[in-house]
Every structure is written in C-alpha cells, then in structure tokens.
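Single-letter residue listing:
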Amino acid sequence: MRTFVSVISLLFLLKATVLSQNDPEAVKVLDRFSSLALGAPSISMKFSFTTTDQVEGTKNSDSGSIILSRDKYRLDLTDNIIWYNGETSWSYLPAEKEVTISKPGKSDNSFQTRPSAVFSLYKKGYKSRLIDKTGDRYLIDLYPEDINSDHIRIRLAIGNPSFDLKSLEYKYKNGVTVTLEVKEYDLKQKPDGSSFVFPVDKYKGIELIDMR
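Residues numbered from 1 in each chain as written. Predicted model: local features only at pLDDT ≥ 70, side-chain atom pairs only at ≥ 80, totals over all residues. Heavy atoms only, no water.

## Examining the nonpolar core
One finds Phe 111, Leu 142 and Leu 156 to be the most contacted residues of the largest nonpolar core, which totals 37 residues. Among the elements that make up this core, the one with the highest residue count is helix α2 (residues 24–38) (5 residues). Excluding its chain neighbours within four sequence positions, the residues that come into contact with Leu 142 are Leu 30, Leu 121, Tyr 122, Tyr 126, Lys 127, Ser 128, Arg 153, Ile 154 and Leu 156. Core analysis: the second largest hydrophobic core is formed by 8 residues, Ile 81, Trp 83, Tyr 92 and Ile 206 among them. (Core = buried A, V, L, I, M, F, W, Y, C linked by side-chain atoms within 4.5 Å. Buried < 20%, exposed > 50% of the residue type's maximum accessible area, 1.4 Å probe, protein only. Helix = DSSP H or I, 4+ residues; strand = E, 2+ residues; numbered from the N terminus. Contact = heavy atoms within 4.5 Å.)

## Thoughts on the confidence of the model for the protein
Low-confidence regions, as indicated by low pLDDT, have predicted coordinates that should not be scrutinised in detail. Averaged over the protein, the pLDDT score is 89; the fraction of residues at 70 or greater is 90%. With pLDDT under 50 throughout, residues 1–18 is counted as low confidence; its partners more than four residues away or in other chains account for 1 contact. (pLDDT = per-residue confidence, 0-100.)

## A closer look at the pattern of salt bridges
Per the counting criterion, the structure on display carries 9 salt bridges. Arg 114 is the salt-bridge partner of Asp 71, the closest N and O atoms lying 3.5 Å from each other. Here Asp 71, found in the loop between β2 (58–69) and β3 (72–77), pairs with Arg 114, found in the loop between β6 (98–102) and β7 (126–133); they are 43 residues apart in sequence, far enough to count as distant. For Asp 71, a relative accessible area of 34% translates into the label partly exposed. (Salt bridge = Lys/Arg side-chain N within 4 Å of Asp/Glu carboxyl O.)

## Some remarks on the side chain of Asn 160
Mapping Asn 160 onto the fold places it in the loop between β9 (151–159) and β10 (165–172). Side-chain polar atoms of Asn 160 contact the side chain of Tyr 138, separated by 3.3 Å. Not counting residues up to four positions away in its chain, the partners in contact with Asn 160 are Lys 133, Thr 134, Gly 135, Asp 136, Arg 137 and Tyr 138. (Polar contact = N/O pair within 3.5 Å; in protein donor to acceptor, adjacent residues only side chain to side chain.)

Structure follows, in structure tokens:
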C-alpha cells in the first residue's frame, strides 16, 4: 500500500513538473500564429460556438462574427452586439433595445471581453503543450499558472501550415465548456476607428445605460 501511494505521488509530481515547463514546439507554433495575426491590419472571423454545462446538463449553440484590431473589436452575436474602442464598451441587446456603456477591466481575458488575448495569452501566465499534430493542424493546450484561475485550460487548434485559428475551447472549473469553431478567417480587412464605436445615429428609440 505504501508503495502504491508513493507511485501515485510520484506521478502527480511528474505531471506538475511537466506542466511547469513550456513545450518548445508549442511555443514555436504559437509565436508564428501570434506574429501573423497581430501583425495584420485586423483579424476577421465567422464562427459557431457551443456552451456545454455538465452540472446543469445543458448544451446551447449559436453563431457569430468578429473583427478586431489589437484590443479594439466589434463582436456580433445573435442576441448581442459589442463594440469596444480600447477604452469604452457598448453592449447592445436588440430584443430589449438598450445599450449598456461600460469600461471593462483589463484583467478579463475571456473571448467575449478581450478576444485579442487569444493570440498572446501563452506569453504570460500560461504554460503550453503541443498535444497533437495532424496533417492540417496543431492542437495546443494552455494551462493557467494561477491555481485560482476560473478555468482549467484553453485548447487551440491552429492550422498547418497556414497558422490560422481553427477552433478554441475554454474549459472552466464550474463544469462549463465553451467551444468555438472558426468557419472563416481573414487577416486582410482594414477597418477604420469608427468600426469599433457604437453608431448611435443608426439606432433610434433605444435606451442608453451608462455604467462608467
């Protein structure tokens, strides 16, 4: 029994040691992926996504699109449109005909709050591992170094040899998994600054809720 416990303890120690080190092959892929995306005038994507809650036993799917330039972005979902100009966020709910204006915190790196973080998260606060390499993609897991993080890992599927984003998965400690499948990926669009600001003149009769 004592030997069995010792073996289990050793396995956990080895796993912790592995996850405390960055995988050079994963970093090499991520560096190229990040360089191409963040060096482009913008990143434009169309995608579908699924939210699975293992605790509640629910599964919901939707689709959307996004265009982003550095931290600025416009995110279009079925029931919500978000504009963010780097300082101020406008969240529009068509069904309620209301816009909430806020100044998001800089620490939230979720896709819906700071989508550009997907392309640079691996550089700080995460350890990366190349899980698999198939004919057309690399599968890489990012593990948060902070044990108090609300998620277990982030998994990216990156195209080979195109280095575009194929899919993204956030696995949270509360049993929720969000999976995003990219349908279109474009680095050639050149949006101007107005693309990331709520166009108040185009939306009449709406309620403005200023939370700044």
